[in-house]
Amino acid sequence: MKKFFTLLLLPLYMVVGMHAQSTVSLGYCAGECADKGSISTEGKAWVSGAIFLPADMLASYEGSHIVKLRGALASKINVDSLVLWVRSSLKGENLTEAVITTKTTPKMAKGWNEAELSTPFVIPHGEGLYIGMSYRQKAEVAALSVVGSPMENACWVQWGADEKWEDMSSVGILSVEAVVEGSNLPSYDLGLTAALANTFDDASLTKMQVTVVNNGQSSVSGFTLQTRYALCDDVYTHHFDVQLGWGEKTTVEYQIPNLSTVSQGDIQVTLQSIDDGDDETATNNSIKAKFALVKKVLVEDFTTEPCGNCPRVSGYLHTLLSWDEFHNRVVAVCHHSGYKTDWLTLACDEKMASRFAVGYSPAIMVDRKPIWPGLHECPSQSQLEAALRYVMQDAAHVSINISGSYDETTHKLNVIVSGKRDELKATNPQLTVYLVENDVLAQHQSGATGAYYHQHVIRAYNSDFGEKINWEGNQYEYAVSFDVEDGWVKENMQIVALVANDDTGNNQNCAVDNVEQAGFPIGIPETVSSVGKSGMEHTEYFTLDGRRLDTSRPGMVIVRKTNADGHTRTFKMLSR
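Every value quoted in this text rests on a predicted model; they were computed, and no experiment measured them. Numbering of residues starts from 1 in each chain and follows the order in which that chain's sequence is written. At least 70 in pLDDT is required for a residue's local features to be given in this predicted model, at least 80 for side-chain atom pairs to be given and counted, and no such filter applies to totals for whole chains, interfaces and linings, which use all residues. Working from all heavy atoms in the structure, the side-chain values ignore hydrogens and water.

Peer 1: Explanation requested: the overall build of the protein chain in the structure shown.
Peer 2: In this description a helix means any DSSP run of H or I spanning at least four residues, a strand means any run of E spanning at least two, and both kinds are numbered starting from the N terminus. Of regular secondary structure, the protein chain possesses five helices and 42 strands. Categorising residues by exposure relies on relative accessible area from a 1.4 Å probe, with only protein chains included: less than 20% of the type maximum marks a residue as buried, more than 50% marks it as exposed, and the intermediate range marks it as partly exposed. The burial tally for the protein chain puts 55% of its 576 residues in the buried class. Between two residues, a contact is recorded if the distance between any of their heavy atoms is within 4.5 Å. In the protein chain, the proportion of contacts linking residues at least 24 apart, taken out of those at least 6 apart, comes to 71%. Here the protein chain displays about 24300 Å² of accessible surface, and carbon together with sulfur accounts for 48% of that area. For the area figures, the Shrake-Rupley method with a 1.4 Å probe applies, and any residue is considered shielded solely by the protein chains shown.

Peer 1: How do you make sense of empty space enclosed by the protein when you look at a structure like this?
Peer 2: Cavities and pockets are found on a 1 Å grid laid over the protein atoms alone: a cavity is a set of points where a 1.4 Å probe fits but cannot escape, a pocket is an open set with protein on both sides within 12 Å along at least five of seven lines, and a lining residue has an atom within 4 Å of such a point. Grid points are joined across faces, edges and corners, and a volume is the space filled by probe spheres set on the points. Tallied over the entire structure, the rule returns three cavities of 30 Å³ or more. The space that makes up the largest cavity amounts to roughly 70 Å³. Together, Asp301, Thr303, Ser314, His318, Cys334, His336, Gln445, Tyr452, Tyr453, His454 and Gln455 line the largest cavity. Charged residues are taken to be Asp, Glu, Lys and Arg, nonpolar residues to be Ala, Val, Leu, Ile, Met, Phe, Trp, Tyr, Cys and Pro, and polar residues to be all remaining types, Gly included. By residue class, the composition of the lining of the largest cavity is three nonpolar, seven polar and one charged.

Peer 1: Sorry, what's going on with the packing of helix H2 (residues 310-321) against helix H5 (residues 381-391) here?
Peer 2: Each packed pair of helices is defined by two parameters, the angle between the axes and the distance between the axes. Where helices are involved, their axes are fitted lines through C-alpha atoms of the stretch in contact, as for all axes, and angles between N-to-C directions lie from 0 to 180°. Between H2 and H5, whose axes approach to 9 Å, the crossing angle comes to 45 degrees. When the interaxial angle is binned, H2 and H5 end up oblique. Crossing angle aside, the handedness with which H2 passes H5 is right-handed. Where H2 abuts H5, its residues Tyr316, Leu317, Thr319 and Leu320 lie against Gln381, Leu384, Glu385 and Leu388. Classifying every residue of the contact of H2 with H5 by side-chain character gives five nonpolar, two polar and one charged. By the definition adopted for this analysis, an angle is roughly parallel if under 35 degrees, roughly antiparallel if over 145, roughly perpendicular if from 65 to 115, and oblique otherwise. Each crossing is labelled by how the near helix is turned from the far one, with a counterclockwise turn of less than a right angle marking it left-handed and a clockwise turn marking it right-handed.

Peer 1: Please clarify how the side chain of Thr345 should be interpreted in this entry.
Peer 2: One can find Thr345 in the loop between strand E25 (330-335) and helix H4 (347-355). Residue classification places Thr345 among the buried residues on the basis of a relative accessible area of 18%. Contacts described as polar in this section are N or O atom pairs within 3.5 Å, which, within protein, must combine one atom able to donate a hydrogen with one able to accept it, while residues neighboring in sequence count only if both atoms come from side chains. A polar contact of 2.5 Å, which involves the side chain of Thr345, links it to the backbone oxygen of His336. Of the polar contacts made by the side chain of Thr345, one reaches the backbone nitrogen of Asp342; its length is 2.9 Å.

Peer 1: I keep staring at the environment of Asn470 and nothing clicks. Help me out?
Peer 2: Looking at the secondary structure, you find Asn470 in the loop between strand E34 (467-468) and strand E35 (471-472). Sequence separation between Asn470 and Leu431 is 39 residues; the distance between their C-alpha atoms is 9.9 Å. With near-sequence residues (within four places) excluded, Asn470 lies in contact with Gln475 and Tyr476.

Peer 1: So what exactly am I meant to see when it comes to the state of the cysteines here?
Peer 2: Where two cysteines share a covalent bond between their sulfur atoms, that bond is called a disulfide. In this description, a disulfide is simply a cysteine sulfur pair whose atoms lie within 2.5 Å. Scanning all chains against the criterion turns up one disulfide. Each sulfur of the disulfide joining Cys307 and Cys310 lies 2.3 Å from the other. Disulfide Cys307-Cys310: the torsion about the S-S bond is 100 degrees, which places it as right-handed. Of the two residues, Cys307 and Cys310, neither departs from the other in class, the shared state being buried.

Peer 1: Help me understand the sheet that holds strand E21 (residues 267-274) in this model?
Peer 2: The strands that make up a sheet are held in pairs by hydrogen bonds between backbone atoms, and each pair lies either parallel or antiparallel. Pairing between strands requires that DSSP locate at least two bridges from one strand to the other. Read across the open sheet, the four strands follow the order E19-E18-E21-E22; overall the sheet is antiparallel. The strands lining the two open edges of the sheet, one partner per strand, are strand E19 (235-240) and strand E22 (286-288). Neighbour-to-neighbour, the strand axes of the sheet open up by a mean angle of 20 degrees, direction not taken into account. Bridge analysis of strand E18 (residues 223-229) against E19 gives six bridges, and the strand direction is antiparallel. Its bridge partner being in E19, Gln226 is matched across the sheet by Thr237.

Peer 1: Where do I start with the pattern of salt bridges in this structure?
Peer 2: Where charged atoms of side chains with opposite charge meet at close range, the side chains can pair. One side-chain nitrogen of Lys or Arg within 4 Å of one carboxyl oxygen of Asp or Glu is enough to make a salt bridge. Counting across every chain of the model gives 13 salt bridges. With a shortest N-O distance of 2.7 Å, Arg389 and Glu325 are connected by a salt bridge. Placement of Arg389 in helix H5 and of Glu325 in helix H3 (residues 324-327) is noted, with a sequence separation of 64 residues between them. By relative accessible area, which is 35% here, Arg389 ends up partly exposed. By relative accessible area, Glu325 is classed as partly exposed at 34%. Across the pair Glu437 and Arg459 runs a salt bridge whose closest N-O atoms are separated by 2.8 Å. Pair noted here: Glu437 is in strand E30 (residues 429-437) and Arg459 is in strand E33 (residues 457-461), with a separation of 22 residues, a long-range link. Residue class for Glu437 comes out buried when judged on its relative accessible area of 2%. Each member of the salt-bridge network shares a partner with another, and the members are Lys68, Arg70, Glu114 and Glu177.

Here it is in structure tokens:
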């Protein structure tokens, strides 16, 4: 069974590093390798990976020689042989190869492995080449080093000698390179290797970040970029005085007007010119920008009043939410299910427990992903902390904006959720909207002494596992209304919206792409709540296990401050 884990996001570069004036490394990873593997398969097998260098990319290097091959291993555990090779097709014979084992000199190692070819391989005219690696595993190991963002031709994988090759370029970039030596290598060759566009923080401007690498043998003192939207005739030109030597790279930032109706794939960046000479390789002079979205993480806490351990684990979660690194990046909801039920249990809670096979409480699910393997019974604070940091490295592919209003006469809360997407990987993305309430006094909470208050209680929701998103191009807008009961405390309520894949046949394929939360919408009359309309700030105190305190007390406490606009900030404080 193949396994996929979260990838570390690293910069990507198409062609890298001048080792000497007559040598370059060809690949897509820019010398980057992963400290931890991200994909694997079970059992004993020969696992292979490759990148494809198309003919137009190799045109400037025809007649030059591949003298070395480089391949990186994210782990050498359970690996006893590594073969680096060049092929004209994935299923073809090795045109040249080098073998590295635990007994060769140098020995096979975690990280980069480099082997010199006994006979240099001449790059042919008009042909593309696959640069690859194969290793023999004695048992499951995530040894392939995959880095960076998705890129065409950057990652092909074969999970066994008799298996089909899979194009996994959507996962990232394989760490393999060919070292090329020649007398006619390009003198001037700048490559555009990454581009990000952030159009969500400012309504009038799109913020661009473009990475440029010098693949040529000569230094450059500056260059000019052109940026344009595919559906617009306007071209935006920016010049940069940047000194770049052999193999050096830089990331430049600039702004262009924001055209919100155009998708991310329609922003094209092109190298117009180099100050010092003519660029000799056109194939790496243009790139489409990706959106840069802020990723937030969803934590779902399965908790019930019959559960004696639940207050302790909920306390861990509240402590972490008070930390600066998590309180604006992690969103929590609680399902009152898993181990029995209680008076707060809703149908969606029981269906969620059934879908993810949760037969116990407390249990924690982080972005519904297969880590530990996605659910963990009674986790420690350090385990939860590690899981949050791990998942926070993910990229988001959809933005979520929440707005709304409340009608005091009808007790209707009207919510509008909107946003944009880039290359959303979910095959069946669904939008779930929860209305949650904090500080709900428990009736009979096991494992707690004194008054205990539930947090992140789901009061209303739109659908058990979300509703289908209706896209208009790369944008969406969704409206839903909730009836707000008189007993609910509006100033303690929040709206949570999330986009997740819905796969009824595989609970390991239901990952959350992004999540957002907002306070109760402005529009509540001042007579209902002094918070959010009167300009007052409200401070509350809790024990580390979530019990409300009338006032602060000596020792470590959780403090929650609600400011004038209804937003809350929670943090841990040592009170004296």
